[in-house]
Amino acid sequence: MTARAAGGRREGALGERVVRLGIALAIAFGGVALGAGYWQVLRADDLAHDPSDAGVIAATQNAVRGRILDRDGHVLATNRRGTGGALYRVYADQSLSAPLGYASSLYGSAGLEAADASELLGLGGDDPLARALAKFRTPSPRGDDLRTSLSLALQELAVRLLGNDRGAVVALDPRTGDVLALASTPTFDASGIANPATSRAAFTEALDDPGQPLLDRATQGLYVPGSAFKIVTAIAGFASGAIDAATSFPQQPGDEITGLLVDGFRVVDGHHLFTGSEVLDFSRATEVSCNIWYALAGLRSGGAGMDAAARRLGFGAPIPFDLPTAVSQLTNGGGPLPGGFADDVELANAAYGQGEVLVTPLQMALVAATVANGGLEPRPRLVTAFVSPSGAVSAVPTGTLGRVLGAPDAATIAGAMVQAVEGVDGQKFTAGAQVAGVTVAGKTGTAQLGGSGEPNSWFIGFAPAEAPTIALAVIVEHGGSGGARAAPLAGDLLRAYFAAQP
Amino acid sequence: MTQVDLPGFPRPVARPRELGLLLAMAGCLVLGSLSLGSTQAGGLALAQPAELAIYLGALAAMHLALVVAGRRVDEVLLPVVGLLGGIGLLLAERLPQDLVVQRVGPLTLGLASLQLIWLVLAFAVGAAAAIAVRSDRWLRLYKYTWAAFGLGLLLLTFVFGRDVNGSRLTLDVGPVSWQPSELLKVILVVFFAAYLAENRVQLADARVRVAGPLTLPPAPYLLPAALMLALALGIVVIQRDLGAALLFFSVFLCLFYLASGSKVDVVIGIVLFVAGFIVLALVFAHVRERVANWLDPWADPLGAGYQTIQALHAFARGGLLGTGLGAGLPMVDGHLPIPAVQTDFPLAALGEELGMAGVVAILACYLVVVARGLRIAAGAADDVRALLAAGLALVIGVQAIIIAGGNLKLIPLTGITLPFISYGGSSLLVNGLIVGLLLALSDRGPAPPAAPRRARRVRQDRS
Amino acid sequence: MDPLTLTLWVIRLAFLAALYAFLALVARAVLRDIRAASRDPAGALGRLVVVASARTPAVGSAFLLDAVATLGRDLGSSVVLEDSFASARHAVLTFRGRGWYVEDLGSTNGTLVNGEPVTGARSLGFGDEVQIGETRMRLERGIR
C-alpha cells in the first residue's frame, strides 16, 4: 500500500489530470452540441421541407392547399370538398396541366403543386421570418395562395391553337421574365387525377397515352431547333466579334449551288434560290435563312465562341426556374474541338441548327427575350407573389440571368429578325407571324429529323419590335416547315395578346 | 467513507442546496408536464399529474433518506439526475403508451407506467447504495473476482442471449428481459479503477523506453491494456455491439490517462483502436454496413438508412426552440415517424419537441454529472476511490456522448441507451446504482463536531 | 393568433427557460463548491508525519488530515496502520473549533500522546507526538 493519506485531498498531479480530462469531455459535449446545431439550424430547412419529410407528408394529408391565381386574379386552382369531407384540387382549365401539374392524395404532386408545396401547405416557405411566424400558428389550416404570371386567356388559346398536334408554346415578358403562357400538348386531365373518385382512371389514362401528356414539353422537351437556332449563332458571332452587320462571304453564292465543302462534307441550302448570286450580309442572310452564310459564320466564331455564348444564354445547365428544366446542349460533347464539337462538320451543322443541338422551348423563348431586352437575359419566373391567408403579400423579385450581348449588337439582330418577318423576302417564310399594326420580329425554323417524318416546325420572336412586351417560342412536332404551323400559331397568339391590351 | 462512531454520529444533516435544486427541478418538470398536457388536451392541463407526483415523491424520499442517514454527500447529482429522469418520464408520457406493454397480474402497464416503476426502483437502488456502501474493501480485495464475474456475464449473454436488431445484448429471465451488458459496465469500471490505481506507480514512473522519446509502461502492466483492446474489438465482432465496445474502451483510456498521466499512451490507444476498427470494417460485412450507413444513410433511404434519416428529419423539424412537447413527431398513417424511438432515438424525439435549446440543456446536464464525478475524484481519499468515481461518472457521460453522436450522425449508430431518458429497466437500474455509488464516494465524512464547552482550560500550544 | 396558441407558446418557452434557470443554479452551486475547495486546499488543517514505525508507513512520510481522521488497521480508516499492536479502529483525530483533539476508540493497547496514555478527548498541539503500537507520528501544521 502506498504511503498516502486516506483522509486528505488529491495531490496536484491527479488534480491537474482531472481538470484536463474534464476539459476534454467538455469539448466532446460541445462538439455534439455543434452537431445538433448543424442539423437543427443549418440544415433544418432543406430537411424539413423535403417532400419525404414526415411533417410535410402529414401536412399534405391534413392541410388545405392555397389557391393558384393568374396575373389578372383569375383562380386557376382551388379546393373542393368531396364525399367524406376530404378536400381535393380542382383546376380552371385542362390547358393549365403543364405549368400547374396536379396534387393528388394517391399520386403525390407534380408541376407547381409539387415545386411550391411547402408554401401551398402553409409550411412557411424559405423566408426565415415567415417560417418563424408560421410556427406561431398551430398546424396552419390554410396555406399561401400563389399569384402567377400566367394569363389564363393566353394559355387556353395556346393550347387550342396547338390542337391535336404535340408541341409547346412558351410566352414571356422580356422585360421582367414573367411567363405569360407555358403550354404543352397533349394536356392531361389534372382535375381528374386530383379528384379521388376519378384519380386512378385519369392517371392511368395519362400514363398510357402514347402522346406522353405528363411530360412538360415546354420545360423538359428537348428538340432539334433548326434555323431558329441561327439567332444563337448570330449572338455568338457578334459577342465574339467574329461577325458584324456587314459581314459577308464572297464564296457564299457559289456554294449555294455546289454546296459548301467542309472537311469533305457538303453543307447544302437551296431554299432561297431567288437570291441568285447576291452576296448576303447579316440582315439578308437572316431574312432568307441562309444555311451557307450561317455555317461560315459559325466556323468563324469557332467552337469556343459558340460555346461561350451558349453558356451565357443558359445552355449546359438547368435554367433557374420555378419548375424543373432539362438541359439544352450544343453538342453531345466529348469532341476534341473547343466547345466539345467532334469536328468542323459538326460545328458547321450546329451553326444552322442541326448537328447534335438540342433545345428546350423555354431556352429558345429566353433567346428571343434576350434579343428583345437589349442583350440582357431576363430570369424567367412563374410565381410572382405568395399571399398568406391573413393577406400578407411577399413578392418574388424579378431578376436577370446576365448580360449576354451588348445593346447595339442586340439591336442589330433585332433588326434582322424584323426583316425575317416583315421583309419582302422574309414574308415568303414567315408571313403567318405578322400582326396588323404591330411590328413583329422573329425567326422560323424547320428542324430536319432524319428519317421520313415531317420536320419540327419552330418559331421564335417578340413584338412590338421597337419596345417588346412579349417574346415567345413555338414548336409543333412534325408540323412541317416553320412557316407552315409555328409562325401562323405565333401570329394568332400575338394578335389575341395585343387585342386584349388596353 | 469512514466508520466512526463518534458520540452523536450519525445524525441527520440538512441538505439545503440539494433541496433548493430539487425544488427548481420540480418546477421545471411541472412546467414540462403543463406544456405536454396542455398541448394534448387543447386547454390548460397537467399531463399525468399522478405519475409526476409519484416521481417527485420518490425523489423527495431519496432526499429525506440522505438527510436522515446524515451522509454528507454531493448535493448536485441527485437534482440533475432527477431532471434527466423527469424528462425521460415526460417523453414516455408523450409517446403512444402501447409501444411497450407488460401485464402484471390484473394490470396492463403501458410505456409511461413502466418507465415510472423502473425510475422509482432505480432511485431506491441509488439511495440504498448511497447510504449503505461505506467502505471499499469489497472492491480492493476482490477485484479479480469482479473481473471474472463480468466476463462470465458477457459469456452468458453471448451463449444464451437473443438477437435484437443485430446485436446480442438481451437475456431473458422469466418474464423480464434485461441487458447484462449494462451491469458489465459498472463491473469493468470497478475492476479498472482498482487495477489501475494499484499499479499507478508502475504505469506512471517505471516506464520503458521504446524508441526515442517514446516511453511505454513495462510489459506486465501493458498486458491488461492490450487485453482490454482485444476485448473491445472482440465485442464489436462477436456481439455486434459497437456502442459497448466504444464505451468500455473510452472509459478505460480516460482512467488510464488519469492513472499514468501519459498523453502518449492515450494517443497510441486511440490510434490502435481506430486501426483495429478499420481492419474489422474491411473484414466483416456487418461492420462495413454500419459504417456505410453512417457515412451516407440516403444511399438506402427505405432500408438501413431509414432510422437515421428519420431522426435527422426530426431534429430539423425541431429547429431552435422545438415544436413543443406533444406537438412534434407527426404521425404518418398512424405510425410514429421514427422506429424504436423510446430506446434508440429519444434524443431525436426530444430534439424535435424541445429544439436545440432543449438538446443543449440535456447535454449540459450530462456534462454536470461528469463534472461532479470528476470533482468527487479530485477530492477522493485515495487513488482507487478517485478512479472509481471518475470511471462511474465517465460511464454515464461517455454513454451520453456516444448515443447523442449516433443520433446526430456524428458517429455510427449504436444500440446503447441514453442514461435516465431511454426506456429500459436494466439501464435505469444500473444508472441508479452508479449514481448511488458516486454519492457514496463523495462522502465528506462526518461534520467536524462543535468545539467542547470546556475549552477555557487552554493548553499551551507548542507552535 | 388565438389565445390558446399564445398560451401554449408561453408555456413552451417557460419550460425551456426553467431548464436553463435550473442549469444556472447548478452552475452557481458547482462554482461555489470549487471556490470553497480552493480556499481550503489540501492539508491546511494539519498533517501527521511518521517519526518511527515498524515496517510501514515509511518514516518521514506525511498524512494530510481532514477535520476528522481515523487511525487503525481497518482499511476504511483515514490513516491505515499495519501495526500488529494497532486495533482495527484504534483512535480518531478531530479538529474542533480552533484546535486538534485525539480520542482513543476503545483499542486493545491504548494510545499515547507524548508518552502519556490518552483518556477521553485529549487536546493536541502542533509538535505533539501520537503513538499507536510501534508507530509514532507527530502532528504538524498544514502546508499550503
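Residues numbered from 1 in each chain as written. Chains lettered and ligands numbered in written order. Predicted model: local features only at pLDDT ≥ 70, side-chain atom pairs only at ≥ 80, totals over all residues.

1. Comments concerning the overall build of chain B
At step 1: Of regular secondary structure, chain B possesses 16 helices and 7 strands.
At step 2: When the 463 residues of chain B are sorted by exposure, 56% land in the buried category. (Helix = DSSP H or I, 4+ residues; strand = E, 2+ residues; numbered from the N terminus. Buried ≥ 20, exposed ≤ 12 C-beta atoms within 10 Å, placed from the backbone.)

2. Remarks on the nonpolar core
At step 1: Grouped together as the largest cluster of nonpolar side chains are 166 residues, with contacts concentrated most on B:Ala193, B:Leu255, B:Leu387, B:Ala389, B:Ala390 and B:Leu438.
At step 2: With 24 residues, helix 14 (residues 346–378) of chain B is the largest single contributor of residues to this core.
At step 3: Setting aside its immediate chain neighbours within four residues, B:Leu387 contacts B:Ala193, B:Leu196, B:Ala197, B:Leu255, B:Leu258 and B:Ala259.
At step 4: Counting 134 residues, the second largest nonpolar core, distinct from the first, contains A:Ala110, A:Ala236, A:Ala297 and A:Phe459. (Core = buried A, V, L, I, M, F, W, Y, C linked by C-beta atoms within 7 Å. Contact = placed C-beta atoms within 7 Å.)

3. Examining helix 10 (residues 242–260) of chain B
Residues and elements named next belong to chain B.
At step 1: Taking 1.5 Å as the rise per residue, helix 10 with 19 residues should run 27 Å; its terminal C-alpha atoms sit 27 Å apart, in good agreement.
At step 2: Burial analysis of helix 10 places 19 of its 19 residues in the buried class, which makes it a mostly covered element.
At step 3: Looking one or two residues beyond helix 10, the residue adopting positive phi is Gly 261, at roughly 70°. (Expected span 1.5 Å × (residues − 1).)

4. Focus: the interface of chain B and chain A
At step 1: Each side of the interface is counted separately: chain B has 42 residues, and chain A has 33 residues.
At step 2: When residues of the side of chain B that touches chain A are traced back to their parent elements, those giving at least two are helix 10, helix 13 (306–318), helix 14 and helix 15 (383–407) of chain B.
At step 3: In the side of chain B that touches chain A, the residues fall into 30 nonpolar, 10 polar and 2 charged. (Nonpolar A, V, L, I, M, F, W, Y, C, P; charged D, E, K, R; others polar.)

5. Notes on the sheet that holds strand 9 (residues 121–124) of chain C
At step 1: Taken together, the 5 strands give an open sheet; going across it, the order is 4-3-5-6-9 (chain C), and neighbouring strands pair in mixed fashion. Each of the sheet's edge strands pairs with one partner strand only, and the pair in question is strand 4 (79–80) and strand 9 of chain C. (Pairing = 2+ DSSP bridges.)

6. A few points about the confidence of the model for chain B
Residue and element names in this part refer to chain B.
At step 1: Overall, the prediction assigns chain B a mean pLDDT of 81, with 81% of residues at 70 or greater.
At step 2: Per-residue pLDDT, averaged within each element of chain B, yields its smallest value for strand 4 (residues 167–173) (60) and its largest for helix 3 (residues 77–94) (94).
At step 3: Low pLDDT, under 50, characterises residues 1–8; the stretch is placed with 23 contacts to residues that sit more than four places away or in other chains.
At step 4: Note on residues 454–463: pLDDT under 50 across the span, and 11 contacts to partners over four residues away in sequence or across chains. (pLDDT = per-residue confidence, 0-100.)

7. A word on the pairing of strand 6 (residues 99–104) of chain C
Residues and elements named next belong to chain C.
At step 1: With burial as the criterion, only one face of strand 6 is covered, namely that bearing Trp 100, Val 102 and Asp 104; the residues Gly 99, Tyr 101 and Glu 103 on the opposite face remain uncovered.
At step 2: Pairing analysis gives 6 bridges linking strand 5 (residues 91–96) to strand 6, with the strands arranged antiparallel. Along strand 6, the bridge assignment pairs Phe 95 with Trp 100.
At step 3: Here strand 6 runs beside strand 9; their pairing, made up of 4 bridges, is antiparallel.

8. Some remarks on the confidence of the model for chain C
Do not read the fine detail of predicted coordinates wherever pLDDT is low.
At step 1: For chain C, the mean per-residue pLDDT works out to 81, and 89% of the residues sit at or above 70.
At step 2: Ranking the elements of chain C by mean pLDDT puts strand 2 (residues 62–64) of chain C last with 75 and strand 7 (residues 111–113) of chain C first with 90.

9. With respect to the packing of helix 7 (residues 180–198) of chain B against helix 15 of chain B
All names here are of chain B.
At step 1: Look at helix 7 against helix 15: their axes get within 8 Å of each other, and the N-to-C directions meet at 150°. Crossing geometry of helix 7 relative to helix 15 is assigned as right-handed. Listed contacts from helix 15 to Lys 185, Val 189, Val 190, Phe 192, Ala 193, Ala 194, Leu 196 and Ala 197 of helix 7 are Asp 383, Val 384, Leu 387, Leu 388, Gly 391, Leu 392 and Val 395.
At step 2: Each residue belonging to the contact of helix 7 with helix 15 can be placed in one class, and the counts come to 12 nonpolar, 1 polar and 2 charged. (Axes fitted to C-alpha atoms, helices over the stretch in contact; angles between N-to-C directions. Left-handed = near helix turned anticlockwise from the far one by under 90°.)

10. Re the environment of B:Gln48
Residue and element names in this part refer to chain B.
At step 1: The topology assignment puts Gln 48 in the loop between helix 1 (16–41) and helix 2 (49–69).
At step 2: The class of Gln 48 is buried, set by 22 C-beta atoms lying within 10 Å.
At step 3: Taking the C-alpha atoms as reference points, Gln 48 and Leu 34, separated by 14 residues in sequence, lie 9.6 Å from one another.
At step 4: Sequence-distant contacts of Gln 48, that is, excluding residues within four places in its chain, are made with Glu 93 and Ala 112.

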